[in-house]
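Residues per chain are reported as follows:
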Amino acid sequence: MASLSPSQVQKFQQDGFLVLEGFLSEDECVAMQQRIGEIVAEMDVPLHCRTEFSTQEEEQLQAQGSTDYFLSSGDKIRFFFEKGVFDKKGNFLVPPEKSINKIGHALHAHDPVFRSVTHSPKVQALARSLGLQMPVVVQSMYIFKQPHIGGEGELRASCGAQQRAWMGHVGHQCLAGTQTFWNNYPISQSYSLGEPSVSPHQDTTFLYTEPLGRVLGIWFALEDATLENGCLWFIPGSHTSGVSRRMVWAPAGSAPGTSFLGSEPERDNSLFVATPVRRGAMVLIHGEVVHKSEQNLSAWSRHVYTFHLMDAAGTVWSPENWLQPTAELPFPPLYT
């Protein structure tokens, strides 16, 4: 069992986040990574559904907010990609397995490996020790945090030392002349790959409830999360200041499909505390705590499985949230 001690509960209530090292076993981490590899190998995303994922507000509204593929993904397993990985026709410029930003949003419901971890006895024991009465699972995601993603870096049609170092981790060949190949994918133009970081945000911006304080993020590190590959950063205690903005369905007939109410204030970077963790760690994330992650500057990925719970007892899930339960998939109870 993995019940929290009174001091751990107090620490979570004080800071808005809590690190629990060693929550998952090595075997549990390997099982999820192997399963996600199988899912990616079977991936077949139509050209018109290849959606680039962003955490930048304007790009969110232009991409996810107006794309049915994203907005109808709450009860499905769907694939979302890094910026700059497609050509103008939607064909991959890099190997497909290196192009994915995340998979969401219903792994917990449709895949037995992820369902087992989500509803494990130790997760249930932890939720009970936090006092959750009727927790339901509202969404789940597998986040890849690909290596060398996010510096607005460019791949150019030459193969200098910097490119050799950049691509060496995944393998490439450089032919004479001006054409570069990355795992046999030709790169003949400059383009940006990925995002600089995940911007400071509150999960309740996207998963709003009344009253507040009813959403909990559970974040599993399936690989070491370090300063170099983009660990989480938090502003301790920021969960007590309300929600600065909300992403809501836009009025019927307007475009894009979602819009933002309010705005994200400028955050003092000196207030953020880094939380590097080892593989197998769990990080509990209060729905209103401000957090972010920086770009992955390393040669290694930072795989994560994460899901969100809502305590449904006495709680109203906003009908304006982009994510809604469906007849096919009502939010499943955590307790079994």
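You'll find the structure just up there.
A few points on the structure. Quantities reported herein were computed from a predicted structural model and do not represent experimental measurements.

Section: the overall build of the chain
Within the chain, the secondary structure is distributed over eight helices and 19 strands. When each of the 336 residues of the chain is scored for burial, the buried share is 54%. The contacts of the chain with a sequence gap of at least 6 include a subset with a gap of at least 24, amounting to 80%. Total accessible area on the chain is roughly 14,600 Å²; 53% of this is exposed by carbon and sulfur atoms.

Thoughts on the environment of G213
Note on placement: G213 falls in the loop between β10 (209-210) and β11 (215-221). Overall, the relative accessible area of 37% leaves G213 in the partly exposed class. C-alpha separation for the pair G213 and T240, spaced 27 residues apart in sequence, amounts to 9.1 Å. The residues touching G213, leaving out its near neighbours within four places in the chain, are H286 and E288.

Here we look at the sheet that holds strand β17 (residues 291-294)
If you walk across this open sheet you meet the four strands as β9-β17-β12-β15, and the pairing is antiparallel. Unpaired on one side and paired on the other, β9 (197-201) and β15 (273-275) mark the two borders of the sheet. Each strand axis lies, on average, 30° off the axis of its neighbour in the sheet, ignoring direction. Across three bridges, the pairing between strand β12 (residues 232-234) and β15 is antiparallel.

Section: the nonpolar core
In terms of nonpolar packing, the biggest core is built from 60 residues, with I103 and F220 touching the most fellow members. In terms of residues, this core owes the most to one element, helix α2 (residues 26-41), which gives five residues. Discounting residues that sit within four places of it in the chain, F220 has contacts with F23, L24, V117, V123, A281, M282, H303, V304, Y305 and F307. Core analysis: the next-biggest nonpolar cluster, separate from the first, contains 15 residues, M141, C231, V283 and I285 among them.

Focus on the pattern of salt bridges
A side chain of one charge can pair with a side chain of the opposite charge if their charged atoms are brought near each other. Scanning the entire structure with this criterion turns up 11 salt bridges. With a shortest N-O distance of 3.1 Å, R246 and E320 are connected by a salt bridge. Of this pair, R246 sits in strand β13 (residues 245-249) while E320 sits in the segment after β19 (316-317), and the two are 74 residues apart along the sequence. The partner of E264 in a salt bridge is R267, and the shortest N-O contact between them spans 2.6 Å. The class for R267 is partly exposed, based on a relative accessible area of 24%. Salt bridges here are not isolated pairs; linked through shared partners, they connect R35, E38 and D111.

Looking at the packing of aromatic side chains
This structure, assessed with the given rule, holds 15 aromatic pairs. With a centroid separation of 4.9 Å and 55° between ring planes, the pair formed by F114 and Y305 is classed as tilted. Residue F114 is found in helix α6 (residues 112-118), and its partner Y305 is found in strand β18 (residues 304-311); the two are separated by 191 residues along the sequence. Ring-pair connections join several aromatic residues into one group, and the members of that group are F23, F114, Y142, F144, F220, Y305 and F307. Residue placement shows K102 over the ring face of F80; its charged tip is 5.7 Å from the ring centre. Taking NZ or CZ as reference, K122 lies 5.3 Å from the ring centre of F23, over its face.

Cut-off values and rules
- Residues numbered from 1 in each chain as written.
- Predicted model: local features only at pLDDT ≥ 70, side-chain atom pairs only at ≥ 80, totals over all residues.
- Heavy atoms only, no water.
- Helix = DSSP H or I, 4+ residues; strand = E, 2+ residues; numbered from the N terminus.
- Buried < 20%, exposed > 50% of the residue type's maximum accessible area, 1.4 Å probe, protein only.
- Contact = heavy atoms within 4.5 Å.
- Areas by Shrake-Rupley, 256 points an atom, 1.4 Å probe, with all protein chains shown as cover.
- Pairing = 2+ DSSP bridges.
- Axes fitted to C-alpha atoms, helices over the stretch in contact; angles between N-to-C directions.
- Core = buried A, V, L, I, M, F, W, Y, C linked by side-chain atoms within 4.5 Å.
- Salt bridge = Lys/Arg side-chain N within 4 Å of Asp/Glu carboxyl O.
- Phe/Tyr/Trp six-rings, centres within 6.5 Å; stacked < 30°, edge-to-face > 60°.
- Lys NZ or Arg CZ within 6 Å of the ring centre and 35° of its normal.

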